Structure formats: C-alpha cells, structure tokens
There are 2 protein chains.
Amino acid sequence: MSDTLSSPPTQRFHLPPQSGLGFTIRRGQTLRIIDPQGEQVSDVTAFAQNDPSEWLSSGRSMDYANTIYLSTGHVLYSNRSRPMFTITADTVGRHDFLLTPCSPETFQIIYKNADYHPSCFENLAKNLGPFGIRPDQIPTTFNIFMNVPVNPETGELTIAPPLSRPGDHIDLRAEMDLIVGVTACSAEMSNNYRFKPIDIEVLD
Amino acid sequence: MSDTLSSPPTQRFHLPPQSGLGFTIRRGQTLRIIDPQGEQVSDVTAFAQNDPSEWLSSGRSMDYANTIYLSTGHVLYSNRSRPMFTITADTVGRHDFLLTPCSPETFQIIYKNADYHPSCFENLAKNLGPFGIRPDQIPTTFNIFMNVPVNPETGELTIAPPLSRPGDHIDLRAEMDLIVGVTACSAEMSNNYRFKPIDIEVLD
C-alpha cells in the first residue's frame, strides 16, 4: 500500500516498552503508528477535543464498516456516528477492535497473576488524565497490529502473534481535532511474549 | 437448558415493537428477556445504580469470556471489570455483542434512509434519561437474539435472522444493583424484516 505522505513529520514520539502517551492532533493531520521491531501491539483511543464526551466507538466503527477487521479506506467513528479517523495506509491489514486494553484485572482474570503488572489501561488513564479524561471514559480501544482470529462456529477468540514486521505502520488521518491516547502494549500474549517499543509520527 | 426459576415474576413488562424501557433491578434478581413471537432482537445495556459511570462493557465481557458469542455460564462485566450479570439460562445460544444499537445515523449510513426512523439508540436514550444517563454514556449494547456470523478470513459481518423461536428466552442474574435499558429492536435487518414485541420478567 503506497505512502502518499513524503514530508518530514511534525512530531515524533518514541514509546518505550509497556508505556503510554497522551497528546492532541488537529483535523487533517495524520497519526502514523510504527512497529519498529515487529510483533508489537499499540492500543489507541481518542476523544473529541472540543467535547470529550464524544469518544472512539468500536461498535459504531465495526457496524458501519461491516467488518471486525478494519484497514485502508475504513473510517473510525465516534459514539455520535461522526468520523474521527480515516485509515489512509496500512502495511499489515490485521488489527483488533473487539477487546479492551489490558488492565490490572486482565492479569488477575485471564493470566491468574495476582502481583502488580503494567497495563495499557493504566498507561492510558495516567496519560489521558492531564487532558481531563477520567479512567471510566476509556472505551474499547483500537488495538493496532493485534491479531485476534475468531472461530466462526463457536465465536472463540485466539490471541495470535501480530503479523507486523519491523517498520510496518498504519496511517490514521484525523477527521476532527482529537485528544489521543496510545500505548506500547503490556500484555504478554498480545506481543508474542516480548515487550517492544512503538514509534509515533504526526504528519501535516 | 433447564429453567431453575419457578416462582412467579415480581414484575412483567411488555415492550411494543420499536420501543424501549428503563428500570432498576436489585442484585440477585433475574432479568428474563423473552421473544414471544420469534426472530426479534432486544438491545440491553446497564449501569451501576450507585455510580452510573460504571457501565456494561462489551470489550471486557468478550475478553474475559474469550468469545464473541456469550451464553449460559458467561459473565457480563463492567468497564471496571466487575460482574454485572451472569447468564444463567439461554434457550437460543446466539447473541451479538459487537454492534451498537441502531441510531438515526445507522439508517442514514447503512440503510441510506434519510427520513425519520425509530431506533434502539433513541429508545434507550429516552428511557434512560430519567435515571440520569446521558445519551453519550450509552455503550455498545448486548444485542440479545441478534445473529451476526463473522467471516473468519475477511472479518466481514452478516446480519442474519435471529435463531430465536416463539417463547425463547435468556436469563441474566444481576450481580449488582443496576439501571437497565432494554429495547424491542427497530432495525429491519436484525429482525428478519418484521417488527415484533419483547416481553420482560424480573424474578426474585
């Protein structure tokens, strides 16, 4: 899939393994999420800058795209059915929009791990807090590069290794001014049991 | 699947076609959703009575159940990863937790219908308003009896006729005191193009 954005990025961010970041982007800018080492997942969520009661909706987005696997050309909608992002490039083609960001409870319920464990939910909550977003407002995230096959008979989900290879990326064009939260995922299964960083570029 | 609840219901509600209802139920009570005529869908959502910032989360529920098709024995979780309902009986076994309640925009975007059309979203918003729930708080609903097969290769969704026959039901045991919103669905495709009522019982 061709990359039509050739000018240097306005901003670059490097997310260390098991971390998160909150920032704003303007309508028309492109958010590029890059997997520098391959097989890493990045949970993304967004809120309208002018009213954070408007949030990125997995249900609206999958409903209007009529698929669980969104890729180039698909629009990510808000709970108010307004476009928040358009996917303008995608070198992987497999992302998850079914599952929530891993949280402390994920590690207790799924991984049976009673000890402290970093999580995408905590990393989103911590980094979106300064923008006025409360933890309870965090919806189901768009889990970039996360590979979740579905058994069509039983509905059973498998958390498979991401299909992303080093340097793969996805481009999301902002369709409104947004507050964005992004992580370098903290869950063992999602990343094929090796924590890696995520690179972010914002392009005008 | 056996029905272990034999005492008469504490409350009964009849939802006419394309309508909705808001009400409260207490922890330990069972919410029975009945499809009296077959092939009808009922969108359900819930909020914690003591703090409506806690809401029914499709992402948490599918994540912890490890399936998109929840049925008897599965727990429906809140965004705070606390059990809201347990499915204690289910005579159908196929429900949807991917898609949002149909809204005015659904009929514009998917059905290309520019005129007014009743919708589950509007029916939920209208009936949950008196309980202090704002429309923006309505999450992806648990769409009871809705039949949405997934193509495992492409992720494409099909809205198929419900598998429910007259008298089929699902029982949801409340695991906390809840504000509940329920609809008799308004979308043509979901109900095999015939609008029908939904019956509700609350059992102690």
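All values reported here derive from a predicted model rather than from experimental measurement.

How do you make sense of the relation of the copies chain B and chain A when you look at a structure like this?
Mapping between the two copies of the chain is achieved by a rotation about an axis and a shift along the axis. Structural alignment of chain B on chain A gives an RMSD of 0.0 Å, achieved by rotating through 180° and translating 0.0 Å along the axis. Within this description, the copies of the chain are treated as partners about a two-fold rotation axis. It is Pro 152 of chain B whose C-alpha, among those of chain B, lies nearest the rotation axis, at 3.0 Å. Both copies contact each other with a shared surface, as 100% of the interface residues of chain B are interface residues in chain A too.

Explain the side chain of Gln 137 of chain A here, please?
Residues and elements named next belong to chain A. Checked against the element boundaries, Gln 137 lands in the loop between helix 3 (120-128) and strand 7 (142-144). Classification of Gln 137 as buried rests on a relative accessible area of 19%. There is a polar contact of 2.8 Å between the side chain of Gln 137 and the backbone nitrogen of Arg 134. Setting aside residues no more than four positions away along its own chain, Gln 137 makes contact with Phe 47, Pro 52 and Gly 132.

Looking at this structure, how should I read the packing of aromatic side chains?
Note on aromatic pairs: each is described by the distance of the centres and the angle between the planes. All names here are of chain A. Per the counting criterion, the structure on display carries 6 aromatic pairs over all chains. Arranged with centres 4.9 Å apart and planes meeting at 35°, the rings of Phe 13 and Phe 23 form a pair that is tilted. With Phe 13 in strand 1 (residues 11-15) and Phe 23 in strand 2 (residues 19-25), this pair connects stretches of sequence that are 10 residues apart. Taking the relative accessible area as the measure of exposure, Phe 23 reaches 6% and is therefore buried.

Help me understand the environment of Thr 154 of chain A in this model?
With respect to the helices and strands, Thr 154 of chain A occurs in the loop between strand 7 and strand 8 (168-174). The class of Thr 154 of chain A is partly exposed, set by a relative accessible area of 44%. Once you skip the residues sitting within four places of it in the chain, Thr 154 of chain A turns out to touch Thr 67 and Tyr 69 of chain B. For Thr 154 of chain A, the side chain forms a polar contact with the main-chain nitrogen of Glu 156 of chain A, separated by 3.1 Å.

How should empty space enclosed by the protein be read in this particular structure?
Summary: where empty space remains is shown by rolling a probe the size of a single water molecule over the atoms. A full pass over the atoms with the stated rule returns 2 cavities of 30 Å³ or more. Size it by volume and the largest cavity reaches roughly 70 Å³. In terms of lining residues, the largest cavity is bounded by Trp 55, Leu 56, Ser 57, Ser 58, Pro 139 and Thr 140 of chain A together with Trp 55, Ser 58, Pro 139 and Thr 140 of chain B. Taken together, the residues that form the lining of the largest cavity break down as 5 nonpolar, 5 polar and no charged.

Can you walk me through helix 3 of chain A in this structure?
Owing to its 3.6 residues per turn, the α-helix brings residues three or four apart onto one side. All of the buried residues along helix 3 of chain A are Cys 120, Phe 121, Asn 123, Leu 124, Ala 125 and Leu 128 of chain A. On its buried face, helix 3 of chain A sits against strand 2, strand 4 (42-48) and strand 9 (178-184) of chain A together with helix 1 (58-65) of chain B.

Mind showing me how you'd approach the interface of chain B and chain A here?
Often, the extent of an interface is quoted as the loss of accessible area upon association of its parts. On the chain A side, the residues contacting the 40 residues of chain B number 40 residues. Roughly 3,300 Å² of surface becomes buried between chain B and chain A when both sides are summed, with 50% attributable to carbon and sulfur atoms. Counting the contacts that link chain B with chain A gives 2 salt bridges. In this structure, Arg 80 of chain B engages Asp 136 of chain A in a salt bridge whose closest nitrogen and oxygen atoms are separated by 2.6 Å. Across the chain B-chain A interface, the total number found is 25 residue pairs in polar contact (both at pLDDT 80 or more). For the side of chain B that touches chain A, the elements supplying multiple residues, two or more each, are helix 1 and helix 2 (104-109) of chain B. Sort the elements by how many residues they give to the side of chain B that touches chain A and helix 1 of chain B lands first, with 6 residues. Along the lines of polarity and charge, the residues of the side of chain B that touches chain A split into 17 nonpolar, 14 polar and 9 charged.

Could you clarify how one ought to interpret unusual backbone geometry in this entry?
At Glu 39 of chain A, a position not held by glycine, the phi torsion is positive, near 60°. With respect to the helices and strands, the residue Glu 39 of chain A is situated in the loop between strand 3 (30-35) and strand 4. The exposure class of Glu 39 of chain A is partly exposed, given its relative accessible area of 29%. Positive phi is not limited to glycine here, since Gln 18 of chain B has a value of about 55°. Here Gln 18 of chain B shows up in the loop between strand 1 (11-15) and strand 2 (19-25).

I'm lost on the pattern of salt bridges in this one. Help?
Pairing between side chains of opposite charge can happen when their charged atoms approach one another. Residue and element names in this part refer to chain B. Here the structure, examined in full by the defined rule, presents 16 salt bridges over all chains. Among the salt bridges present, the one from Arg 80 reaches Glu 54, with a minimum N-O distance of 3.6 Å. With Arg 80 in the loop between strand 5 (75-77) and strand 6 (83-90) and Glu 54 in the loop between strand 4 (42-48) and helix 1, this residue pair connects regions lying 26 residues apart in the sequence. Among the residues examined, Arg 80 registers a relative accessible area of 30% and is labelled partly exposed. Accessibility expressed as a relative area gives 0% for Glu 54, which makes it buried.

About the criteria used
- All chains use their own residue numbering, which begins from 1 and follows the written sequence.
- Chain A is the first chain written and ligand 1 is the first ligand written, with later ones labelled in order.
- Per-residue local features of the predicted model are confined to residues with pLDDT of at least 70, and side-chain atom pairs are confined, for both listing and counting, to 80 or more; whole-chain, interface and lining totals are unaffected and use all residues.
- As a rule here, side-chain values come from all non-hydrogen atoms in the structure, and water together with hydrogens is ignored.
- A least-squares fit on C-alpha atoms brings the copies together, and the residues used are those whose pLDDT is at least 70 in both copies.
- The contact definition used throughout considers only heavy atoms, calling two residues in contact when any of these lie within 4.5 Å.
- Only DSSP runs of H or I with at least four residues qualify as helices, and only runs of E with at least two residues qualify as strands; both kinds are numbered from the N terminus onward.
- Between buried and exposed lies partly exposed: a residue is buried under 20% and exposed over 50% of the maximum accessible area for its type, with that area taken using a 1.4 Å probe on protein chains only.
- Any pair of nitrogen or oxygen atoms within 3.5 Å is treated as a polar contact; in protein, a donor-acceptor pairing is required on top of that, and neighbouring residues in sequence qualify only through side-chain atoms on both sides.
- The aromatic pairing rule takes the rings of Phe, Tyr and Trp, using the six-membered ring of Trp, and pairs them if the centres are within 6.5 Å, calling planes under 30 degrees apart stacked, those over 60 edge-to-face and the rest tilted.
- A cavity here means a set of points on a 1 Å grid, drawn over the protein atoms and nothing else, where a 1.4 Å probe fits but cannot get out; a pocket is an open set with protein on both sides within 12 Å along at least five of seven lines, and a residue lines either one if it has an atom within 4 Å of a point.
- Grid points are joined across faces, edges and corners, and a volume is the space filled by probe spheres set on the points.
- Each residue is assigned to one of three groups, with Ala, Val, Leu, Ile, Met, Phe, Trp, Tyr, Cys and Pro labelled nonpolar, Asp, Glu, Lys and Arg labelled charged, and all others, Gly among them, labelled polar.
- Once two parts are joined, some of their accessible surface, as seen by a 1.4 Å probe, is lost; buried area is that loss totalled over both.
- Salt bridges, as used here, are contacts in which a Lys or Arg side-chain nitrogen is within 4 Å of a carboxyl oxygen on Asp or Glu.

By themselves, these figures tell us nothing about what the structure is for.
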